[in-house]
Amino acid sequence: MSKSTLIISRQAPWAGPAAREALDIALAGGAFDLPLAMLFLDDGVFQLLASQQPAALQQKDMAANLQALPLFGVEELYVSGRSLSERGLGEAQLALPTQALDDAALTLLLDRFDHVVTI
């Protein structure tokens, strides 16, 4: 039986390669039907915003890859409610359906998975 994995993405989408690497890991794992979920924490919540303009930074758009997560079987998407509020963001601004969790729920989420990968 496959062990479950939670991928925590903590970096803003254009702050370096970490956000794209977390997404690539999730898509690859999903392609092999591994039980995994993603949590967007800290500046990682910026990845979920609609209407990003990566071309201004000469970057590729991650939106299509993010939208593909459910198609690859990665349907459990979580976001830190605290991270959203600290950045003045709300769930209505997010491009993907996610479940916002408070700190207590985050602790329970971490305990649910066999492996936790933070990128």
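What counts, and at which threshold
- Residues numbered from 1 in each chain as written.
- Predicted model: local features only at pLDDT ≥ 70, side-chain atom pairs only at ≥ 80, totals over all residues.
- Heavy atoms only, no water.
- UniProt positions renumbered as here; feature names shortened; annotations may be inferred.
- Helix = DSSP H or I, 4+ residues; strand = E, 2+ residues; numbered from the N terminus.
- Expected span 1.5 Å × (residues − 1).
- Buried < 20%, exposed > 50% of the residue type's maximum accessible area, 1.4 Å probe, protein only.
- Contact = heavy atoms within 4.5 Å.
- Salt bridge = Lys/Arg side-chain N within 4 Å of Asp/Glu carboxyl O.
- Pairing = 2+ DSSP bridges.
- Axes fitted to C-alpha atoms, helices over the stretch in contact; angles between N-to-C directions.
- Right-handed = clockwise from strand over helix to strand, strands pointing away.

Per an unreviewed UniProt entry, the protein chain carries the name TusC protein and comes from Aquipseudomonas alcaligenes. We quote the UniProt Sequence similarities (unreviewed entry) comment for the protein chain here in full: "Belongs to the DsrF/TusC family."

Caption draft 1: Spotlight on helix H1 (residues 18-31). Compared with the 20 Å implied by 1.5 Å per residue over 14 residues, the 20 Å span of H1 between its first and last C-alpha is a close match. Among the residues of H1, Ala18, Ala19, Ala22, Leu23, Ala26, Leu27, Gly29 and Gly30 are the ones counted as buried. Those residues of H1 that are buried are in contact with strand S1 (5-9), strand S2 (36-40) and helix H2 (63-68). Within two residues after H1, Asp33 carries a phi angle of roughly 55°, on the positive side.

Caption draft 2: Representation of the pattern of salt bridges in the model. Scanning the model with the defined rule gives five salt bridges in all. Note that Glu76 and Arg112 form a salt bridge whose closest N and O atoms lie 2.6 Å from each other. Residue Glu76 is located in the loop between H2 and strand S3 (77-80), and its partner Arg112 is located in helix H4 (residues 103-112); the two are separated by 36 residues in the primary sequence. As a salt-bridge pair, Arg87 and Glu86 come within 3.5 Å of each other at their nearest N and O atoms.

Caption draft 3: Spatial organisation of the sheet that holds S2. Ordered by their spatial adjacency, five strands build an open sheet running S4-S3-S2-S1-S5, and the pairing between neighbours is parallel. The strands lining the two open edges of the sheet, one partner per strand, are strand S4 (99-101) and strand S5 (115-118). Strand-to-strand twist across the sheet, computed as the mean angle between neighbouring axes with direction ignored, equals 25°. Sheet topology places S1 next to S5; four bridges connect them, and they run parallel.

Caption draft 4: Highlighting the pairing of S2. The buried fraction of S2 amounts to five of the five residues, a majority that puts the element mostly inside the structure. Both faces of S2 are covered, namely the face carrying Leu36, Met38 and Phe40 and the face carrying Ala37 and Leu39. Inspection of the sheet shows S1 paired to S2 by five bridges, in the parallel sense. When the sheet's bridge partners are listed, Leu6 is paired in S2 with Ala37. In terms of handedness, the path from S1 via H1 over to S2 forms a crossover that is right-handed. Looking at chain direction, S2 and S3 are connected through three bridges and run parallel. Of the residues in S3, the one forming a bridge with Met38 is Leu77.

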